[in-house]
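Tertiary structure, described
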Amino acid sequence: MTTSISSPDNMAVIAVKNLSFSYPHSSEIVLNGLNLDIYKGEIFGLLGPSGCGKSTTQKILMGLLKGFSGTADVFSQPISSISRQFYQDIGVCFELPALYLRLSAMENLTLFASLYSVPTLNPLQVLEMVGLREAANHRVANFSKGMKMRLNLCRALIHDPKLLFLDEPTTGQDPARARKTHDLLTHLKDQGKTIFLTTHNMAEADQICDRVGFLFNGEIPVTGAPNELKLSYGKHQVELIVKGKNGMVSSRFPIKNLGENQQFLKALKQSDIRSIHTLEASLEEVFIEVTNSVSQSAKTVKNGGKKS
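A short tour of the structure in this document, coming up. Because the structure is predicted, anything quoted here is derived from the model rather than measured.

Below, the discussion takes up the layout of surface pockets. Volume-wise, the largest pocket comes out at about 460 Å³. Lining the largest pocket we find 18 residues, and of these Tyr87, Ile90, Val92, Tyr116 and Arg155 sit closest to its centre. Counting only elements with at least two residues in the lining of the largest pocket, the list comes to helix H2 (86–89), strand S7 (90–93) and helix H5 (145–157). Broken down by element, the lining of the largest pocket gets its largest block of residues, 4 residues, from S7. When the residues that make up the lining of the largest pocket are grouped by side-chain class, the tally is 12 nonpolar, 4 polar and 2 charged.

So this is what it looks like as structure tokens:
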């Protein structure tokens, strides 16, 4: 069962209930009763290690994989009965770029734009959005991996879709460039677009996602806003680091009734304070705790209710 700490009070663009899937001729269950809602105008991050089923989930929701059980609705329509119009409303950015290497960036986007029956954006405008305008007439074969990923994002944006499926969107990008991509995604969200991204990069998800879900053993046991999850699974304490005679000294105080804690108040007045912060968990730590808890519960059920 999925535990949701918070969710926007608006329409679900994606609604998944009891979704299960295995690849043909394989006994391995990839998705096992997965439940998921993604709402209009939010960035939702599906987190987990490589091979856990993140990309499989997206492919089902794009209509690329059949043979699943359960229900999966996008734009309030069952994914099993989508029309051609569906692909006018979504943009897709796979982890491995699908581009024509012998063509220039401009030629690639012009070609992709011609495939849509809806009005498209100016290719130069889209290249400007990802910092590739100066490379518009350069052959894609000469692009770095990061540049190809940015051009791949342009391909997903060229027809101004309502919903974006992004798979590891900042692969191959240095921290400065990745931050600009994050800013772009936030800007697109502010325009009302819905973004569903998959990543194993917990720090990235923490920075840009409104909500995240952890995919483990084919299920999403926990979803929530990153800050709420970190506070919920963290230590309810404040760490105070001060400079003492023999170096830095760390002290921890409970958050509850912190303003009445005389030791804490004395330290604030008399110490050479160098750092003060709450001890919330990182998303990585939340993921580890959640997966350990699920694993332990599964072992308990397997052993007939006895803890192993």
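The bulk of non-glycine residues show a negative phi, and the bulk of peptide bonds are trans. Even without glycine at this site, phenylalanine 75 takes up a positive phi of about 55°. Structurally, phenylalanine 75 is set in the loop between strand S5 (69–74) and strand S6 (77–78). Although it is not a glycine, aspartate 160 adopts a positive phi angle of roughly 55°. Take aspartate 160: it is sitting in the loop between H5 and strand S8 (163–167). On the accessibility criterion, aspartate 160 (41% relative accessible area) is partly exposed.

Within strand S9 (residues 194–199), 6 of the 6 residues are buried, which leaves the element mostly enclosed by the surrounding structure. Residues Thr194, Phe196 and Thr198 of S9 are buried on one face, and the alternating residues Ile195, Leu197 and Thr199, pointing to the opposite face, are buried as well. Pairing between strand S4 (residues 43–47) and S9: 5 bridges, direction parallel. Following the sheet pairing, leucine 46 is matched in S9 by threonine 198.

Right, let's get into the packing of aromatic side chains. This structure, assessed with the given rule, holds 8 aromatic pairs. Relative to phenylalanine 287, the ring of phenylalanine 214 has its centre 5.6 Å away and its plane inclined at 50°; by these criteria the two rings are tilted. Taken as a pair, phenylalanine 214 in strand S10 (residues 211–214) and phenylalanine 287 in helix H10 (residues 283–302) lie far apart in primary sequence, 73 residues in all. Take phenylalanine 214 and phenylalanine 287: they sit in the same class, and that class is buried. An aromatic cluster is defined as three or more aromatic residues linked by ring pairs; in this entry it consists of Phe44, Phe165 and Phe196. The positively charged end of lysine 162 is found above the aromatic ring belonging to phenylalanine 75, 6.0 Å away from the centroid.

Once that is clear, we can look at the pattern of salt bridges. What the rule picks out here adds up to 6 salt bridges. Notably, a salt bridge pairs glutamate 42 with arginine 211, separated by 2.7 Å at the nearest N-O pair. In this pair, glutamate 42 sits in the loop between strand S3 (31–39) and S4 while arginine 211 sits in strand S10, placing the two residues 169 residues apart along the sequence. Pair check on accessibility: glutamate 42 and arginine 211 agree, each one buried.

So, on to the nonpolar core. With 44 residues, the main nonpolar core has Leu127, Leu151, Leu166, Val212, Phe214 and Leu283 as its most contacted residues. No other element matches the 7 residues that H5 contributes to this core. Non-local contacts of leucine 127, meaning those with residues more than four positions away in its chain, are made with Ala105, Leu109, Leu132, Arg133, Ala136, Leu151 and Cys154. In terms of nonpolar packing, the next biggest core, distinct from the first, is built from 28 residues, Phe21, Leu46, Ile60 and Phe196 among them.

Thresholds applied
Residues numbered from 1 in each chain as written. Predicted model: local features only at pLDDT ≥ 70, side-chain atom pairs only at ≥ 80, totals over all residues. Heavy atoms only, no water. 1 Å grid on protein atoms, 1.4 Å probe; cavity = no way out; pocket = protein on both sides within 12 Å on 5 of 7 lines; lining within 4 Å. Points joined across faces, edges and corners; volume = space filled by probe spheres on them. Helix = DSSP H or I, 4+ residues; strand = E, 2+ residues; numbered from the N terminus. Nonpolar A, V, L, I, M, F, W, Y, C, P; charged D, E, K, R; others polar. Buried < 20%, exposed > 50% of the residue type's maximum accessible area, 1.4 Å probe, protein only. Pairing = 2+ DSSP bridges. Phe/Tyr/Trp six-rings, centres within 6.5 Å; stacked < 30°, edge-to-face > 60°. Lys NZ or Arg CZ within 6 Å of the ring centre and 35° of its normal. Salt bridge = Lys/Arg side-chain N within 4 Å of Asp/Glu carboxyl O. Core = buried A, V, L, I, M, F, W, Y, C linked by side-chain atoms within 4.5 Å. Contact = heavy atoms within 4.5 Å.

Note that every value here comes from positions in space, so none of it alone points to a role or purpose.
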